[in-house]
Amino acid sequence: MKQFFLYAAFLISASAMGAETETLTLTLDEAISRARVNSVDAAVALNELKTSYWEYRSYRAELLPEVNFSATVPAYYRQYSPYMNNDGSYSFVRNNYLQLNGEVSLSQNIWLTGGKISVNTSLDFYRQLEGTKYNRFMSIPVALTLSQPIFGVNNIKWDRKIEPVRYTEAKAAYLTASEEVAIKAISYFFQLLMADENKLIALQNLENAKTLYNVAKEKREMGRISGNDLLQMELNLLKAESDLTDCESSRKSCMFQLRTLLDLNEATDISLIAPTIVPTADIRYDDALSKALERNKFAQNLRRRQLEADYEVAKAKGNLRQISLFAQIGYTGTDRRFAGAYSPLKDNQVVEIGFEIPILDWGRRRGKVKVAESNRNVTESKLRQESADFAQNIFILVERYRNQMRQLEISQRADEIAAKRYATNVETFMIGKISTLDLNDSRVSKDEARREYINELYRFWNYYYQIRSLTLWDYATSRDIDFDSMTLSPKGAR
């Protein structure tokens, strides 16, 4: 057994060592598209949309006619039942009979009044099994039934107002969630891109540090630099080696994060292509706010909450008094033969009007109306504040986006200048025209400029997709973001 486990461990180790690493090259658009399809967040958003869809379908079904068939086949009874005699006393009689019944009904909710109307037909059969054995049929060939609340709240009418808004909100929430997945992918993409840049910078710095240290040793031997400068170059070399180790560890962490989001296996090494072009959309605050109020889930959420607050007030007022009407008209027949149960037929009418009106409830129902009205006022105040905050957030976001376009241009130019300056200073140091302090300063400036450019590039794409998620509008193609276009990458970039 011990040898078996050792052999199995050897096979697993050999398999792991033999596994080949697959390199996947991704652009930003490709990462976003993969995240929208493969990420867990995308799957959760899709399932939430499916739930809302079936809830909406259930609501729609409530407005359509419903056909039902119910039956009992059979019901067998063999028991004693109480029976009241002529003198008022009770005795028990034994029953032993078989019962069958069936009913078919067609019902329809009346959304205009909140009532319900139905047409049904039924047949009952009894067979006595002890004593005088006989069969008995009772039929209701047709019966028309109406049940109607009077003065109460019309729940169906309110559902017709609220449920479509709720479903529209759910669809907008799904599209927004898809854009938020894109924002998450952008964040992870640029974190890995920054880790790649840091590793590349560390590798370049290590290579330069080795070269400069070797040059410094030669200069020291010739007496052209001091021992302190030589020690400083050696410290730079050690720091470059330490920085490279840290960058490699950070890159592995960022790689794992993006790989998990895109649902890639651990053997996949992701190679990123930094975006070199950005969309040229000229986004204005008024236009963005108008689109957001028209399409965003927030706008639908405001409408739904206002309607729900009004609904609660209507229910509270409807409960002040309750009056209901039940009416049934049709025909019925009974006989010991099946055919006889349908001829001749007799009228069958039932009319009931019930009501409940409080005489003394110490203001409980009135109090509930006041509570519902107060809650509606609170809701309206919250909605006004949330609307103002929503508009303010869009204004700030649009301003940041418009400013970011210029910041990106500045950081790109600064990156180019810093890289050229460092290359020039390295050549100058080689011929002994500048000190190590000046060289280190130019190196630090070069590294910071490159990192700042990556950060500014991330901020631009982040702001751009945040605006997309709020407006649900694709500014690159100038059309709505819908279920077909939400996975498309922005076009028309410069």
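Residues numbered from 1 in each chain as written. Predicted model: local features only at pLDDT ≥ 70, side-chain atom pairs only at ≥ 80, totals over all residues. Heavy atoms only, no water.

(A) Up close: the overall build of the chain. When helices and strands are counted, the chain shows 9 helices and 10 strands. Taken against the 2.2 N^0.38 rule, which gives 23 Å for 494 residues, the C-alpha radius of gyration of the chain at 39 Å runs more than 25% over that of a compact globule. For the chain, the spread of C-alpha atoms along the three principal axes comes to 135 × 75 × 45 Å. When the 494 residues of the chain are sorted by exposure, 37% land in the buried category. Split by element, the accessible area of the chain, about 29300 Å² in all, is 54% carbon and sulfur. Side chains of the chain carry 65 positive and 63 negative charges; the gap between the two charge centres is 6 Å. (Helix = DSSP H or I, 4+ residues; strand = E, 2+ residues; numbered from the N terminus. Rg over C-alpha atoms; globule rule 2.2 N^0.38 Å. Buried < 20%, exposed > 50% of the residue type's maximum accessible area, 1.4 Å probe, protein only. Areas by Shrake-Rupley, 256 points an atom, 1.4 Å probe, with all protein chains shown as cover. Lys, Arg positive; Asp, Glu negative; His and termini not counted. Charge placed at Lys NZ, Arg CZ, Asp CG, Glu CD.)

(B) The arrangement of the packing of aromatic side chains in detail. Within this structure, the stated rule accounts for 19 aromatic pairs. Pairing tyrosine 77 with tyrosine 97 gives two aromatic rings, centres 5.0 Å apart and planes at 25°, and the pair type is stacked. With tyrosine 77 in strand E2 (residues 66–84) and tyrosine 97 in strand E3 (residues 90–110), this pair connects stretches of sequence that are 20 residues apart. Residue tyrosine 77 is classed as partly exposed on the basis of its relative accessible area, which comes to 29%. Through a chain of ring-to-ring contacts, the aromatic side chains of Tyr53, Trp54, Tyr56, Tyr59 and Tyr167 assemble into a single cluster. (Phe/Tyr/Trp six-rings, centres within 6.5 Å; stacked < 30°, edge-to-face > 60°.)

(C) Quick peek at the environment of lysine 50. Position of lysine 50 among the secondary structure elements: in helix H3 (residues 40–62). For the pair lysine 50 and alanine 316, spaced 266 residues apart in sequence, the C-alpha to C-alpha distance is 33 Å.

(D) The pattern of salt bridges, seen in detail. The final tally for this structure, using the stated rule, is 32 salt bridges. Between lysine 370 and glutamate 373 there is a salt bridge, with the nearest N and O atoms lying 4.0 Å from each other. Here the residue lysine 370 and the residue glutamate 373 both occupy positions in helix H8 (residues 364–430), the gap between them amounting to 3 residues, near one helical turn. Through salt bridges with shared partners, a single ionic network connects Glu163, Arg166, Glu169, Arg304 and Glu308. (Salt bridge = Lys/Arg side-chain N within 4 Å of Asp/Glu carboxyl O.)

(E) Structural view of the environment of tyrosine 465. Within the element layout of this structure, tyrosine 465 appears in helix H9 (residues 436–471). Since its relative accessible area comes to 0%, tyrosine 465 is described here as buried. With 334 residues separating them in the primary sequence, tyrosine 465 and glycine 131 have C-alpha atoms 85 Å apart.

(F) Seen up close, the packing of helix H4 (residues 155–221) against helix H7 (residues 297–318). Taken N-terminus to C-terminus, the directions of H4 and H7 make an angle of 160°; their axes are 9 Å apart at the nearest point. Looking at the two axes, H4 sits roughly antiparallel to H7. Read as a crossing pair, H4 and H7 show a hand that is left-handed. Between H4 and H7, the contacting residues are Asn155, Trp158, Lys161, Ile162, Val165, Arg166, Thr168, Glu169, Ala172, Ala173 and Thr176 on the first element and Lys297, Gln300, Asn301, Arg303, Arg304, Leu307, Glu308, Asp310, Tyr311, Ala314 and Lys315 on the second. For the contact of H4 with H7, the residue count by class is 8 nonpolar, 5 polar and 9 charged. (Axes fitted to C-alpha atoms, helices over the stretch in contact; angles between N-to-C directions. Parallel < 35°, antiparallel > 145°, perpendicular 65-115°, else oblique. Left-handed = near helix turned anticlockwise from the far one by under 90°. Contact = heavy atoms within 4.5 Å. Nonpolar A, V, L, I, M, F, W, Y, C, P; charged D, E, K, R; others polar.)

(G) Broad picture of the nonpolar core. Counting 53 residues, the largest nonpolar core has Phe190 and Trp461 as the members making the most contacts within it. When residues of this core are assigned to their parent elements, the largest contribution, 12 residues, is made by H4. One finds Ala202, Leu212, Tyr422 and Val426 within the second-largest nonpolar core, a separate group that totals 16 residues. (Core = buried A, V, L, I, M, F, W, Y, C linked by side-chain atoms within 4.5 Å.)

(H) Looking closely at unusual backbone geometry. Of note, the amide linkage connecting valine 73 to proline 74 takes the cis form, showing an omega dihedral of -10°. Topologically, proline 74 is positioned in strand E2. A positive phi is found at aspartate 263, a non-glycine position, where the angle reads about 60°. Mapped onto the fold, aspartate 263 is located in the loop between helix H5 (227–261) and strand E6 (268–272). Given the relative accessible area of 58%, aspartate 263 is considered exposed. With phi around 55°, serine 478 is a residue other than glycine that occupies positive phi space. With respect to the helices, strands and loops of the structure, serine 478 is situated in the loop between strand E9 (473–474) and strand E10 (479–480).

(I) Highlighting H3. Under the 1.5 Å per step criterion, the end-to-end length of H3 is 34 Å for 23 residues, consistent within 8% with the ideal 33 Å. Taken together, the buried positions of H3 are occupied by Ala42, Ala45, Leu49, Ser52, Tyr56 and Tyr59. Where H3 is buried, its residues contact helix H2 (28–38) and H4. (Expected span 1.5 Å × (residues − 1).)

(J) Up close: H8. If you check H8, its first and last C-alpha atoms are 92 Å apart, about what 67 residues at 1.5 Å a residue would give, namely 99 Å. Considering bend angle alone, the principal kink of H8 is centred on glutamine 404 and spans about 30°. Backbone geometry just after H8 places glycine 432 at a positive phi near 80°. (Bend = angle between axes of the 7 residues up to and from the residue.)

(K) How the structure looks around the pairing of E3. The pairing of E2 with E3 spans 17 bridges and is antiparallel. When the sheet's bridge partners are listed, alanine 71 is paired in E3 with glycine 102. Between E2 and E3, which follow one another and run antiparallel, lie 5 residues, and glycine 88 among them has a positive phi close to 95°. Relative to strand E4 (residues 115–128), E3 runs antiparallel, the two being bridged by 14 bridges. Counted as the bridge partner of glycine 102 is leucine 123 from E4. (Pairing = 2+ DSSP bridges.)

(L) Looking closely at the confidence of the model for the chain. Summing up the model confidence of the chain, the mean pLDDT is 85 and the portion of residues at 70 or higher is 90%. Confidence, expressed as mean pLDDT per element, reaches its minimum in the chain at helix H1 (residues 2–18) with 44 and its maximum at H2 with 93. In this model residues 1–19 is a low-confidence stretch, pLDDT under 50, and it forms 0 contacts with partners more than four residues away in sequence or in other chains. Note on residues 487–494: pLDDT under 50 across the span, and 20 contacts to partners over four residues away in sequence or across chains. (pLDDT = per-residue confidence, 0-100.)

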